[in-house]
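# Close look at the chain arrangement
Residue-level listing of the chains:
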Amino acid sequence: MAEVLLLEVGIALTGIAVAGTLANRIGLSVIPAYILVGILIGPNEPSSIAGISLTLVEDREFIDVLAELGIVFLLFFLGLEFSISQLLNDRTRIVKAGTVDFLVNFGLGIVLGVAFGFSIVETLFVAGIVYISSSAVITKSLTENGWIANPESSPILGTLVFEDILIAIYLALLSAVVLGGGSVVGALTAVGTAFGFLGVLTIVAWYGAETVERAFDVPSDELFLLRILGTTTLVAGVALAVGLSEAVAAFFVGTAFSNTGHTERIENVVAPTRDFFAAVFFFAIGLTTDVTVLGDVVLLLASAVVLTTVGKVASGTLSGRVYDLDETRSLRVGLGLVPRGEFSLVIAALAAGSGTETLRSVIPAFAVGYVLVMSILGTVLVQHADGITNIIHGGRGSLFPE
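Starting afresh in each chain, residues are numbered from 1 along the sequence in its written order. Local features in this predicted model are restricted to residues whose pLDDT is 70 or higher, and side-chain atom pairs enter the listing and the counts only when it is 80 or higher, whereas totals over whole chains, interfaces and linings include all residues. In computing side-chain values, all of the structure's heavy atoms are included and hydrogens and water are not.

## A few points about the overall build of the chain
By definition, any uninterrupted DSSP run of H or I lasting at least four residues is a helix, any uninterrupted run of E lasting at least two residues is a strand, and each is numbered from the N terminus. Regarding its fold elements, the chain presents 19 helices and 2 strands. Accessibility here uses a 1.4 Å probe with only protein chains present; expressed as a share of the type maximum, an area under 20% marks a residue as buried, one over 50% as exposed, and anything in between as partly exposed. Within the chain, buried positions represent 52% of all 402 residues. Residue contacts are defined here by distance: any two heavy atoms, one from each residue, within 4.5 Å place the two residues in contact. Long-range pairs, those at least 24 residues apart, make up 81% of the contacts in the chain with a sequence separation of at least 6. Per-residue accessibility takes into account occlusion by the displayed protein chains alone, with areas from the Shrake-Rupley method and a 1.4 Å probe. In the form shown here, the chain has an accessible surface area of approximately 16,900 Å², with 67% of it arising from carbon and sulfur atoms. In summary, the charge assignment counts Lys and Arg as positive and Asp and Glu as negative, without counting His or the chain termini. We put the charge of a Lys on NZ, of an Arg on CZ, of an Asp on CG and of a Glu on CD. Each charge class in the chain was averaged separately, 17 positive and 34 negative side chains, and the resulting centres sit 7 Å apart.

This is the structure:
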């Protein structure tokens, strides 16, 4: 068994490396390349052509763990770029931008569900899947395209934080009430516990800079790396156990380090590990994608892609204006929020384990196709944002009155 696992790891890492190399050579983002190679060598149909097996790597638990770490450390590094004071100062704008984002995109999900004749429960699942952007995909895209220090990163970040917190409430209530998994009181208790843990993280990030500075002041890069990895993973794991997004928790751990003198060392020592975990995360999306199920949901999928891409661009553009950005940067905010990913798949997994035949089969198939298309489309839109904004804004007046 060990030799099979080792062989699969070697095939997976080699496939990721080759895909990334080809993407760089032709000038494309590595994210779609990692996803596509996961589809190509993964266990889903078609598993053979002309009697030749195409399944080279199975969907193993250790890959899921590494993929989870990809989400954690992408958001940790995003938090490293910001501080708690900056977030608190922006809290009003975060709420405004997040509310606009929710009303537009969750609302479009409701429209899709009603239009395709889904029940109330099924419609709520569809709305959740199309509403939430992918923190992991977007963070990787921001880093890859050099947006992380740009003004548009602030509304993108604020929207992601708002979404991740709101989706935790959504999942708790949906599980407890709609799916009969518990009571409203139980759901509210779970939400309260999660927010209490988030409050502790916020206090540590706000007041604990000196303590964090001393605790991680070690001469050995090896020990420094292990302390960062261990602490961040432990906090993220506890957060997930109490019902809070591990991504949000990792983000706040990152903000705790943003006020210390360790940021440059983290960039030098920990960044390669982040990139490794992130590559496995995108590979894992492809690994779990069965493209043969998409034919049954192609109309729903096409409608959702068109409608919700326009919706995210529109709501993101409005969010940019909330942050007093100009028209071009506001549009870039909208383009940056298009990718969907990990949370949409979590919602789909919840649907697959309960309810009607539509919840068990149609909704998960739609979610897989939707994440695949939107993660690739979103990264392409960010990569070509300058050309898109030039085309849209070229030769005409402002979309917004000054």
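## Some points on the packing of aromatic side chains
Working definition: a ring pair exists when centres of Phe, Tyr or Trp rings (six-membered ring for Trp) sit within 6.5 Å. Plane angles under 30 degrees give stacked, over 60 give edge-to-face, the rest tilted. The tally for this structure, following the rule as stated, stands at 14 aromatic pairs. Taken together, a centroid distance of 5.7 Å and an interplanar angle of 70° make the contact between Phe-76 and Phe-257 edge-to-face. In this pair, Phe-76 sits in helix H3 (residues 61–80) while Phe-257 sits in helix H12 (residues 246–258), placing the two residues 181 residues apart along the sequence. We note that Phe-76, like Phe-257, is buried.

## Quick look at the environment of Thr-99
Examined against the element boundaries, Thr-99 turns out to sit in helix H5 (residues 91–115). What makes Thr-99 partly exposed here is its relative accessible area of 31%. Taking the C-alpha atoms as reference points, Thr-99 and Ser-319, separated by 220 residues in sequence, lie 9.4 Å from one another.

## Observations regarding the packing of helix H6 (residues 120–131) against helix H17 (residues 342–352)
Throughout, an axis means a line fitted to C-alpha atoms (over the contacting stretch in the case of helices), and angles, computed between N-to-C directions, take values from 0 to 180 degrees. Packing of H6 against H17 leaves a shortest axis separation of 8 Å and a crossing angle of 160°. The orientation of H6 relative to H17 falls into the category roughly antiparallel. The interaxial crossing formed by H6 with H17 has left-handed handedness. On H17, the residues that touch Phe-125, Gly-128 and Ile-129 of H6 are Ser-344, Ile-347, Leu-350 and Ala-351. Here the angle decides the label: under 35 degrees means roughly parallel, over 145 means roughly antiparallel, 65 to 115 means roughly perpendicular, and every other value means oblique. What makes a crossing left-handed is the near helix being turned counterclockwise from the far one by less than a right angle; a clockwise turn instead makes it right-handed.

## Concerning the pattern of salt bridges
We define a salt bridge as a contact between a side-chain nitrogen of Lys or Arg and a carboxyl oxygen of Asp or Glu at a distance within 4 Å. Summed over all chains, the structure comprises 8 salt bridges. When the shortest N-O distance is used, the salt bridge between Asp-101 and Lys-312 registers 2.6 Å. With Asp-101 in helix H5 and Lys-312 in helix H15 (residues 298–322), this residue pair connects regions lying 211 residues apart in the sequence. A residue is classified by how much of its surface remains accessible, and Asp-101, at 1% relative accessible area, is buried. Given a relative accessible area of 0%, Lys-312 falls into the buried group. Each of Glu-152, Arg-329, Arg-332 and Asp-386 takes part in one network of salt bridges that share partners.

## Here's the deal with the confidence of the model for the chain
Close inspection of predicted coordinates is inappropriate for parts of the model with low pLDDT. Mean pLDDT over the chain stands at 84; residues scoring 70 or higher make up 90%. Here residues 49–53 is modelled with pLDDT under 50, and outside its nearest four sequence neighbours on either side it reaches 4 contacts, counting other chains as well. In this model, residues 395–402 is a region of pLDDT below 50 whose contacts with residues beyond four sequence positions or in other chains number 10 contacts. The pLDDT score gives, residue by residue, the confidence of the prediction method on a 0 to 100 scale.

## Overview of helix H16 (residues 327–336)
Counting buried residues along H16, 8 of its 10 residues qualify, which places the element largely inside the surrounding structure. Listed as buried for H16 are Glu-327, Ser-330, Leu-331, Arg-332, Val-333, Gly-334, Leu-335 and Gly-336.

## Considerations on the packing of H3 against helix H14 (residues 271–287)
One can describe the packing of H3 onto H14 by two numbers: an axis separation of 7 Å at closest approach and a directional angle of 130°. Considered as vectors, H3 and H14 are oriented oblique to each other. Considering the relative orientation of H3 and H14, their crossing is left-handed. Facing H3, whose interface residues are Ile-63, Leu-66, Ala-67, Leu-69, Gly-70, Ile-71, Phe-73, Leu-74 and Phe-77, H14 presents Ala-271, Arg-274, Phe-276, Phe-277, Ala-278, Val-280, Phe-281, Phe-282, Phe-283, Ala-284 and Leu-287. Looking at the contact of H3 with H14 residue by residue, the classes come out as 18 nonpolar, 1 polar and 1 charged. Charged means Asp, Glu, Lys or Arg here, nonpolar means Ala, Val, Leu, Ile, Met, Phe, Trp, Tyr, Cys or Pro, and polar covers whatever is left, Gly included.

## As for H14
Here, expected helix span is obtained from the residue count minus one, scaled by 1.5 Å. Taking 1.5 Å as the rise per residue, H14 with 17 residues should run 24 Å; its terminal C-alpha atoms sit 24 Å apart, in good agreement. Among the 17 residues that make up H14, 14 are buried, leaving the element largely enclosed by the rest of the structure.

## Concerning a nonpolar patch on the surface
Residues Leu-88, Ile-203, Trp-206 and Tyr-207 make up a contiguous nonpolar surface patch of about 460 Å² in total accessible area. When residues of the nonpolar patch are assigned to their parent elements, the largest contribution, 3 residues, is made by helix H9 (residues 184–207). Mapped onto the fold, Trp-206 is located in helix H9. Residue classification places Trp-206 among the partly exposed residues on the basis of a relative accessible area of 40%. Patch membership needs two things, relative accessible area over 30% and no salt bridge, and members are linked within 9 Å if like-charged or within 5 Å if nonpolar (Val, Leu, Ile, Met, Phe, Trp, Tyr).

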